[in-house]
Amino acid sequence: MREWLHILRCPISHEQMRLVEEAELLRFYKKFPGLNFKSAEKFSTRSRVEQALTNISARYIYPIIDGIPVLLAEAAFDMSLSAQDIKTLDEKKKKVLDFYNAQGWVSSSAGNYEDAIIYEDLRPVSAAYILACHKRVCRHLPLRGKYLLDAASGAVQYDIYLSYSENFEYRICVDFSLLALKEAQKKLGKKGIYLLCDIAHLPLNDSVIDAFVSLNTIYHIPAEEQVRSVKELYRSLVENGKGVLVYDWFKHSSWMNISLLPFRSFVFIKNKTILGLKKLTGKNDQGGRLYFFAHRLEYLRRQLPPFELFVWRTVSVPFLKYYVHSWLFGKSFLEWLYRFEERDPEICGKNGEYPMLVFEKKF
């Protein structure tokens, strides 16, 4: 950890971080006798704090759990207080966290994570097309570097994801699911740097990473924090560093709106009916649905640093499952679609489901 500790900063004070010395840790336990990791309920661990980080002024103590620094403001121990000032996660972020701790990063007997089973098309007919879309990310990353930041890395669930950091010394995996980061540890080992943190308050110093990738993540962050989160990623880039962000237009995608209109109409009526029945029975429960909000392209153009627009994937998972089947020449259709996307990536990125926003930091 001492090799890369210099890239970290306190998410509250923005000061440089250092390891807590043994004597300091003893004073910490004396101040908070019998205390375990206070965020145990939120992060599914009962681990005792055996190692920790602190900022230069030594006000905030951040636990390290199984080699993973927990650099969340909500997880900091404030040494200036006589008792814990316990903070809680934003409700929207907590919904995302609860999903991935309880469900998303649990793997099936076939080795697929629940996240992929629910949100991806794992059928053979779509496999080649989806793999080719994943490979598009590599085109826009530097050929080599020291640090690649994977923003909301999750469990690094697909083998193709590993290729993004092949020519980098370290892959910095940031997520606020401890379970996800432990899964990532199994795949990356010592090549990985694992940080449990909030992208909107990234605990990295300015201009320290060579590149970042953020795949299908930003739209799960509260709407009012999405721009700040992307600016945090951009802030951490070195000069001429590059970043690739995959977003989801959802109902702002004109092509998907047209092609999925009959299915969305049916789903809308079904959901309204179910909601009405719940109200009648007094069970008006929104359930554990994963938070999602998509801004329009025009808004992102105004608010974000300059970026180029490309296509990552034109069609959504519902489109694939409704229309693409082996008996309906699905594989041939996807081969044609990929060639079409390659000819005009900006138009497809603007009108399709998943755009790819490519940043390059210029001073």
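Everything here concerns the structure above.
Residues numbered from 1 in each chain as written. Predicted model: local features only at pLDDT ≥ 70, side-chain atom pairs only at ≥ 80, totals over all residues. Heavy atoms only, no water.

**A closer look at the pattern of salt bridges**
Argument step 1. The full count for this structure, using the stated rule, is 14 salt bridges.
Argument step 2. Among the ionic pairs, R313 bridges to E120, the shortest N-O distance being 3.4 Å. You can see R313 sitting in strand β11 (residues 307–313) and its partner E120 sitting in the loop between α4 (114–119) and α5 (124–135), a full 193 residues away along the chain. Assigned by exposure class, R313 and E120 land together as buried.
Argument step 3. Residues K186 and E183 are paired through a salt bridge, measuring 2.8 Å at the closest nitrogen-oxygen approach. Of the two residues, K186 and E183 are both situated in helix α7 (residues 178–188); the distance of three residues between them amounts to about one turn of the helix. (Salt bridge = Lys/Arg side-chain N within 4 Å of Asp/Glu carboxyl O. Helix = DSSP H or I, 4+ residues; strand = E, 2+ residues; numbered from the N terminus. Buried < 20%, exposed > 50% of the residue type's maximum accessible area, 1.4 Å probe, protein only.)

**Thoughts on the sheet that holds strand β10 (residues 237–246)**
Argument step 1. Within the open sheet, the seven strands sit side by side as β8-β7-β6-β9-β10-β12-β11. Their pairing is mixed. The open sheet is flanked by β8 (192–196) and β11, the only strands paired with a single partner. On average, each strand axis in the sheet is inclined to that of its neighbour by 20°, with strand direction left out of account.
Argument step 2. Two elements, strand β6 (residues 145–151) and strand β7 (residues 168–175), share six bridges in a ladder whose sense is parallel. Bridge pairing links L148 to R171 in β7. (Pairing = 2+ DSSP bridges. Axes fitted to C-alpha atoms, helices over the stretch in contact; angles between N-to-C directions.)

**What to know about unusual backbone geometry**
Most peptide bonds adopt trans geometry, and most residues besides glycine take a negative phi value.
Argument step 1. One non-glycine residue, A58, adopts positive backbone phi at about 60°.
Argument step 2. Within the secondary structure, A58 is located in the loop between β2 (51–55) and β3 (60–65).
Argument step 3. Despite not being glycine, F250 has its phi angle at roughly 50°, a positive value.
Argument step 4. For F250, the position within the fold is in the loop between β10 and α9 (254–259).
Argument step 5. By relative accessible area, F250 is classed as partly exposed at 32%.

**A short note on the side chain of H325**
Argument step 1. Secondary-structure assignment places H325 in the loop between α12 (317–323) and α13 (330–343).
Argument step 2. Given the relative accessible area of 17%, H325 is considered buried.
Argument step 3. At 3.4 Å, the side chain of H325 and the side chain of R123 are in polar contact.
Argument step 4. From its side chain, H325 meets the backbone oxygen of K321 in a polar contact 3.3 Å long.
Argument step 5. Excluding its chain neighbours within four sequence positions, the residues that come into contact with H325 are R123, V125 and G330. (Polar contact = N/O pair within 3.5 Å; in protein donor to acceptor, adjacent residues only side chain to side chain. Contact = heavy atoms within 4.5 Å.)

**So, the packing of aromatic side chains**
Argument step 1. One pass over the structure, following the stated rule, counts 16 aromatic pairs.
Argument step 2. With centroids separated by 5.8 Å and ring planes inclined at 35°, the aromatic side chains of Y161 and Y164 adopt a geometry described as tilted. There is no split in this pair, since Y161 and Y164 are both buried.
Argument step 3. Measuring from ring centre to ring centre gives 6.2 Å for F212 and F359, while their planes differ by 40°; the resulting arrangement is tilted. With F212 in strand β9 (residues 209–215) and F359 in strand β12 (residues 354–360), this residue pair connects regions lying 147 residues apart in the sequence. Grouping residues by exposure puts F212 and F359 together as buried.
Argument step 4. Cluster of aromatic residues (ring-pair linked, three or more members): W255, F319, Y323, F333, W336 and F340.
Argument step 5. Geometry around Y234 places K361 over its ring, the cationic atom sitting 5.8 Å from the centre. (Phe/Tyr/Trp six-rings, centres within 6.5 Å; stacked < 30°, edge-to-face > 60°. Lys NZ or Arg CZ within 6 Å of the ring centre and 35° of its normal.)

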